[in-house]
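Survey of secondary and tertiary structure
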Amino acid sequence: MGDNDYILEMREITKEFPGVKALSDVTLNVRRGEVHAICGENGAGKSTLMNVLSGVYPHGSYDGTIVLDGKDCEFRSIRDSEARGVVIIHQELALIPYLSIAENIFLGNEKSSAGIIDWNQALHDAADLLARVGLKDNPQVKAMDIGVGKQQLVEIAKALSKKVDLLILDEPTAALNDEDSAHLLSLIAQFRDNGITCIIISHKLNEISAIADRVTIIRDGSTIETLDLHGPEPVTEDRIIRSMVGRSMDSRFPEHTPVIGAEVLRVEHWTVHHPVDSERLVVEDANISVHAGEIVGLAGLMGAGRTELAMSVFGRSYGSRISGTVYKDGEPVRMRTVSEAIGHGVAYATEDRKRYGLNLIQTIRENISASALGKVARWGIVEAEAEIKVAEKYRAEFRIKSPTIEAVVGKLSGGNQQKVVLSKWVYSDPDVLILDEPTRGIDVGAKYEIYGIINALADLGKAVIVISSELPELIGLCDRTYAMSQGRITGEVARADATQESLMHYMTMGKGAAVR
């Protein structure tokens with residue numbers, strides 16, 4: 001294959017940060033008009049490589065060569081790369097919530113005449129772009145008033161407004177439900193048919209198998225190999241995993257034999273209304289329990305009410321007109337505030353770790369001690385030595401990849417951020433730990449480590465509740481799983497009986513079939 005068949009060549013790219021070599025002689029060749037996937041564990045260097053390509057890390061801050069359409073590139077900013085048709089959509093969406101869809105699409109690229117913005121033209125063009133991505137919403141609706149799936153489509157419409165030739169999507173379906181994910185993948189296939197080349201970074205191997213033409217695997221900052229998914233040799237998910245983690249993962253879940261003790265938490269007849277529309281039922285008459293040493297799953301499609309149930313139990317941090325009873329160790333307890341919930345030994349690790357679970361501008365040390373500062377303080381003053389000792393303990397135990405506990409959490413990979421979240425809550429020593437999507441946006445190798453931590457917590461006698469959108473995760477991890485549909489518990493499945501089919505059966509039930 002000649003050079004002219006490649007839209008992009010990245011040759012021997014090396015990028016160093018203080019104390020860390022993030023990329024080492026990475027090579028990537030992308031054919032014109034293909035969907036090219038990039039796989040690798042968290043911290044492997046995937047996003048760093050794309051930031052080099054798009055000018056986030058300007059020319060001169062890395063070694064190596066970028067060739068686009070046969071010409072050497074020296075991008076010094078995102079504006080430079082966008083001018084050449086390279087557009088990146090980051091995992092953390094960059095829309096401004098209080099601006100309209102149209103304003104977001106053309107921000108920095110306004111439709112203007114003689115220095116005056118032509119809003120009629122902007123709205124007309126925005127409507128055309130939204131139609132191209134299959135979004136029927138009014139362009140004047142604020143970004144904050146549409147769901148995450150639609151926000152992702154607005155980001156793509158914004159990219160299309162810039163005459164994109166090479167579209168880079170970093171974990172585009174990480175926060176999407178199955179329906180939105182399927183729509184996005186079909187959109188990427190359309191772009192390929194229309195001559196737009198796509199690079200997709202994803203941990204979801206089934207999506208890569210469905211959409212990608214080739215996949216490049218990066219491990220520890222180096223290129224391992226590029227596999228042709230349409231070649232004569234079949235490329236299985238296990239084959240990709242082996243390349244990603246450098247070892248065969250016959251089982252994606254650690255072996256675990258539970259030792260289940262007495263009931264720790266029971267929730268009875270729990271009903272929750274929407275915080276704004278108080279007539280709308282979000283959780284209806286839910287009954288769940290969890291024992292010491294037990295891992296209990298909560299399955300459900302998007303909007304089933306899983307997170308709402310967990311948050312409302314955790315100090316009523318969601319909802320209005322909440323009724324029902326919470327029992328702790330067999331006794332009814334009041335958990336009207338988050339402080340009361342923590343006081344009763346209940347912890348909740350949010351699915352949105354970046355917004356609610358961590359302080360991204362603080363260090364690993366500061367984040368871990370934040371949930372129980374009293375344990376490292378005397379007379380109201382934090383003792384530095386005690387705080388350092390605690391942080392070092394969890395960095396070692398949870399294998400947080402960072403040269404120092406003084407590293408800023410916002411700079412860590414998703415898997416390592418999640419380990420800091422777990423460290424923080426485990427340090428507070430709860431009896432019940434509710435984990436909401438604990439492995440969202442995390443690669444296979446890091447997931448295995450998180451599962452090991454969850455099993456270890458259960459072995460310490462903790463009662464663990466896991467909310468997950470990934471059915472294999474619930475089946476592989478949980479001793480029992482409750483299924484929810486339309487705000488009601490519709491089924492309870494033991495580990496031995498748990499299959500994707502059995503759980504999906506309960507998850508798609510109508511309201512009339514709820515378990516009482």
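The structure presented is a predicted model; accordingly, all values stated were derived computationally and were not measured.

About the criteria used
- Residues numbered from 1 in each chain as written.
- Predicted model: local features only at pLDDT ≥ 70, side-chain atom pairs only at ≥ 80, totals over all residues.
- Heavy atoms only, no water.
- Helix = DSSP H or I, 4+ residues; strand = E, 2+ residues; numbered from the N terminus.
- Buried < 20%, exposed > 50% of the residue type's maximum accessible area, 1.4 Å probe, protein only.
- Contact = heavy atoms within 4.5 Å.
- Areas by Shrake-Rupley, 256 points an atom, 1.4 Å probe, with all protein chains shown as cover.
- Core = buried A, V, L, I, M, F, W, Y, C linked by side-chain atoms within 4.5 Å.
- Phe/Tyr/Trp six-rings, centres within 6.5 Å; stacked < 30°, edge-to-face > 60°.
- Lys NZ or Arg CZ within 6 Å of the ring centre and 35° of its normal.
- Expected span 1.5 Å × (residues − 1).
- Pairing = 2+ DSSP bridges.
- Axes fitted to C-alpha atoms, helices over the stretch in contact; angles between N-to-C directions.
- 1 Å grid on protein atoms, 1.4 Å probe; cavity = no way out; pocket = protein on both sides within 12 Å on 5 of 7 lines; lining within 4 Å.
- Points joined across faces, edges and corners; volume = space filled by probe spheres on them.
- pLDDT = per-residue confidence, 0-100.
- Salt bridge = Lys/Arg side-chain N within 4 Å of Asp/Glu carboxyl O.

**As for the overall build of the protein**
Counting its regular elements, the protein contains 17 helices and 24 strands. Buried residues in the protein amount to 52% of all 516 residues. For the protein, long-range pairs separated by at least 24 residues make up 66% of all intrachain contacts whose partners lie at least 6 apart in sequence. For the protein, the exposed surface amounts to about 23000 Å²; the carbon and sulfur share of it is 49%.

**Some points on the nonpolar core**
When a protein is soluble and globular, its nonpolar side chains tend to lie buried together. One finds W270 and L309 to be the most contacted residues of the largest nonpolar core, which totals 74 residues. Counting residues in hydrophobic clusters, the runner-up holds 49 residues, among them L130, A157, L167 and I196.

**Here we look at the packing of aromatic side chains**
Enumeration according to the criterion identifies two aromatic pairs in this entry. Note on F314 and Y348: the rings are 5.7 Å apart at their centroids and 35 degrees apart in plane angle, and the pair reads as tilted. Here F314, found in the loop between α9 (306-313) and β16 (320-328), pairs with Y348, found in strand β18 (residues 346-349); they are 34 residues apart in sequence, far enough to count as distant. Like Y348, F314 is buried. A cation sits over an aromatic face here: K15 above Y57, 4.7 Å from the ring centre. The aromatic ring of Y327 is capped on one face by R266, whose charged end is 4.3 Å from the ring centroid.

**Brief notes about helix α14 (residues 414-427)**
Between its terminal C-alpha atoms α14 stretches 20 Å, which fits the 20 Å expected from 14 residues at 1.5 Å a residue. Within α14, 14 of the 14 residues are buried, leaving the element largely enclosed by the surrounding structure. Of the residues one or two after α14, D429 is the one with positive phi, at around 55 degrees.

**With respect to unusual backbone geometry**
With phi around 55 degrees, D25 is a residue other than glycine that occupies positive phi space. Tracing the backbone through its elements, the reader meets D25 in strand β2 (residues 20-31).

**Regarding the sheet that holds strand β14 (residues 281-291)**
Sheet architecture is open: four strands sit in the order β14-β13-β16-β17, paired in antiparallel fashion. Each end of this open sheet is capped by a strand with a single partner; those strands are β14 and β17 (331-333). Direction aside, the axes of adjacent strands within the sheet are offset by 15 degrees on average. Looking at chain direction, β16 and β17 are connected through three bridges and run antiparallel. Residue pairing across strands places Y327 opposite P332, the latter belonging to β17.

**Topic: empty space enclosed by the protein**
Enumeration according to the criterion identifies one cavity of 30 Å³ or more in this entry. Considered as a void within the structure, the largest cavity measures approximately 60 Å³ in volume. Considering the residues around the largest cavity, the lining is formed by L265, V267, I288, L298, L309, A310, V313, I434 and I465. Among the elements of the structure, β13 (263-273) and α9 are those that each provide at least two residues to the lining of the largest cavity.

**With respect to helix α5 (residues 148-160)**
Given a rise of 1.5 Å per residue, 13 residues ought to cover 18 Å, and the 19 Å separating the end C-alpha atoms of α5 matches this to within 8%. Counting buried residues along α5, eleven of its 13 residues qualify, which places the element largely inside the surrounding structure. For α5, the full list of buried residues reads G149, Q151, Q152, L153, V154, E155, I156, A157, K158, A159 and L160. Buried residues along α5 sit in contact with β6 (86-89), α3 (101-105), α4 (119-132), β9 (166-170) and α6 (178-193).

**A short note on the environment of H124**
Structurally, H124 can be placed in helix α4. Overall, H124 belongs to the partly exposed group, its relative accessible area being 48%.

**Describing the pairing of β16**
Side-chain direction in a regular strand flips from residue to residue, so the side chains alternate between the two faces of the sheet. For β13 and β16, the ladder comprises six bridges, and the chain directions are antiparallel. Following the sheet pairing, T271 is matched in β16 by S323. Hairpin connection of β16 to β17: two residues between the antiparallel strands, including D329 at a positive phi of 55 degrees.

**Some thoughts on the sheet that holds strand β10 (residues 197-201)**
Reading across the sheet, the six strands line up as β6-β9-β10-β3-β11-β12 and stay open at both edges, with mixed pairing between neighbours. Two strands in the sheet have a free side with no partner beyond their single neighbour: β6 and β12 (222-228). Each neighbouring strand pair of the sheet contributes to a mean axis angle of 20 degrees, computed without reference to strand direction. Inspection of the sheet shows β9 paired to β10 by five bridges, in the parallel sense. Paired with L167 across the two strands is C198, which belongs to β10.

**Quick look at the confidence of the model for the protein**
With 87% of its residues at a pLDDT of at least 70, the protein reaches an overall mean of 83. Within the model, the stretch residues 512-516 combines pLDDT values under 50 with ten contacts to residues more than four positions away or in other chains.

**Brief notes about the pattern of salt bridges**
For the structure shown, the criterion picks out 19 salt bridges. A salt bridge links R321 to E279, with the nearest nitrogen and oxygen atoms 3.4 Å apart. Pair noted here: R321 is in strand β16 and E279 is in the loop between β13 and β14, with a separation of 42 residues, a long-range link. Classification of R321 as partly exposed rests on a relative accessible area of 49%. According to the relative accessible area criterion, E279 is exposed, its value standing at 63%. Note that E449 is salt-bridged to K419, the shortest N-O span being 2.3 Å. Here E449 is found in helix α15 (residues 444-459), whereas its partner K419 is found in helix α14, with 30 residues between them in sequence.

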